[in-house]
Amino acid sequence: MYRRKSDTFAFHYATLVPETARVLILYGGASAEKTGTLAEVRAALGSRSVHEFGGIEPNPSYETLMRAVQLVRAERLDFLLAVGGGSVIDGSKFVAAAALYDGEPWEIAEQGGANIRRALPIGTVLTLPATGSEMNNGAVVTRKATQAKLPFRNPLLFPQFSILDPSKTFTLPTKQVANGLVDAYVHTIEQYLTYPVQALVQDRFAEGLLQTLIEIAPQAVAAPDDYTTRANLMWTATLALNGLIGAGVPQDWATHMIGHELTALYDIDHARTLAIVLPALLEVQRDSKHAKLLQYGARVWNISTGSEAERITAAIASTRAFFEGLGIPTRLSAYELGQDAVEAVLRQLESHRMTALGEHRDIDLARSRRILEAAL
Ligand SMILES: NC(=O)c1ccc[n+]([C@@H]2O[C@H](COP(=O)([O-])OP(=O)(O)OC[C@H]3O[C@@H](n4cnc5c(N)ncnc54)[C@H](O)[C@@H]3O)[C@@H](O)[C@H]2O)c1
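- The name that an unreviewed UniProt entry assigns to the protein chain is Iron-containing alcohol dehydrogenase, with the source organism given as Pseudoduganella danionis.

### Quick word on helix α9 (residues 227–240)
Two residues of an α-helix separated by three or four positions point the same way, owing to the 3.6 residues in each turn.
So, point 1. Look at α9: 20 Å from first C-alpha to last across 14 residues, which is about the 20 Å you get at 1.5 Å a residue.
So, point 2. Counting buried residues in α9 gives 11 out of 14 residues, a clear majority hidden from the surface.
So, point 3. For α9, the complete set of buried residues consists of Tyr 227, Thr 229, Arg 230, Ala 231, Leu 233, Met 234, Thr 236, Ala 237, Thr 238, Leu 239 and Ala 240.
So, point 4. On its buried face, α9 sits against β4 (122–126), β7 (161–164), α7 (174–192) and α8 (200–222).

### Focus: the pattern of salt bridges
So, point 1. Under the definition given, this model contains 15 salt bridges.
So, point 2. The salt bridge involving Arg 42 is made with Glu 33; its shortest N-O contact spans 3.1 Å.
So, point 3. Using a relative accessible area of 39% as the deciding quantity, one classes Glu 33 as partly exposed.
So, point 4. Where Arg 272 meets Asp 269, a salt bridge forms, and the shortest distance between an N and an O atom there is 3.9 Å.
So, point 5. Using a relative accessible area of 22% as the deciding quantity, one classes Asp 269 as partly exposed.
So, point 6. One connected set of salt bridges, linked through shared partners, spans Glu 33, Arg 42 and Glu 52.

### Side note on the UniProt feature "domain: Alcohol dehydrogenase iron-type/glycerol dehydrogenase GldA" (unreviewed entry) in the protein chain
So, point 1. UniProt records the feature "domain: Alcohol dehydrogenase iron-type/glycerol dehydrogenase GldA" (unreviewed entry) for residues 20–166 in the present numbering.
So, point 2. End-to-end, the C-alpha atoms of residues 20–166 are 29 Å apart, and along that stretch the chain is 31% helix and 26% strand.

Parameters and conventions
- Residues numbered from 1 in each chain as written.
- Predicted model: local features only at pLDDT ≥ 70, side-chain atom pairs only at ≥ 80, totals over all residues.
- Heavy atoms only, no water.
- Helix = DSSP H or I, 4+ residues; strand = E, 2+ residues; numbered from the N terminus.
- Expected span 1.5 Å × (residues − 1).
- Buried < 20%, exposed > 50% of the residue type's maximum accessible area, 1.4 Å probe, protein only.
- Contact = heavy atoms within 4.5 Å.
- Salt bridge = Lys/Arg side-chain N within 4 Å of Asp/Glu carboxyl O.
- UniProt positions renumbered as here; feature names shortened; annotations may be inferred.

This is the structure in structure tokens:
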């Protein structure tokens, strides 16, 4: 795993993409070109027929992705190679399904991916450790016209392969590294911090991922070219959302659903919305998450003194302090958002039928209101 970059990667590309493939390379902004990653990918694809589609924005939009769908259809392309972070990989998953979909492709997002019958194969070259999209079958797309950010998933959307080269992360701005740490942390929490079901291994794996993120965070942010730290970050982020820790256990995901509305309405980075919502959600849900909050406090933060209520309060405070210590604010007010934003998010949640969220489906609009108001 910690082997340094070598021509092993070129060898992988050459064998993983079929010789006869008609390939579309999808990427985001200028960084993939500037860092030389695109040049490497082009070289590795050799004499294959290759087209390119750049400009996939953070929080990829339906409007942009439909232009890629047109290109795929017009040129009869049959293999998608995503080069980038979660946005490019998610966007490529949408294109993979939309290109072969009979009907209006936005229905894919509206129906959460249940209506996907066919999809083009995807490979990925990951440049940003955060989302786990490189090893899962989910994606999130935004329709700018209606400010709707919706998730979808389908087994046909698992990448065929993903190249994880930690040195590709050396060029990331500090802010994106901090975002990645928080994103992976909250993915783990969504699948762990619910209620006990005697899933001993999933719990220990999840606690190991959380402890690793806490341990490596300072160095991951301070030392961009520390290969070992970036390798650990990349692997942790992948394992946080590849199905391993979530197998057979209750899952929450309310923080994500509320966070998606904040991104769609106010263009706040995905991970930053999670840092706003999670501490407030844990406070509002502290009774139903009581046992797991105590376990989380004890095992992840070594909190062992005080009453149960005090230990839970300390566990939530430690979580908030971890995010704030990474330079990521945990309150809506840090983005100059107030009660108007609470009302706007609630309206969007209602229109997207997000009215029974959480592991107990007990986060209705009234409870989402309490969470958002606790995050002001
Ligand atoms: N599919 C999933 O399971 C899943 C899970 C969580 C989040 N998401 C979604 O993923 C998206 C966020 O993805 P992300 O956090 O990976 O960020 P991102 O892909 O949006 O990228 C953020 C920024 O970093 C830049 N960048 C990427 N790699 C770089 C590099 N090596 N050097 C310099 N700059 C680089 C990009 O150009 C972009 O401007 C959101 O839409 C979110 O909802 C998906």
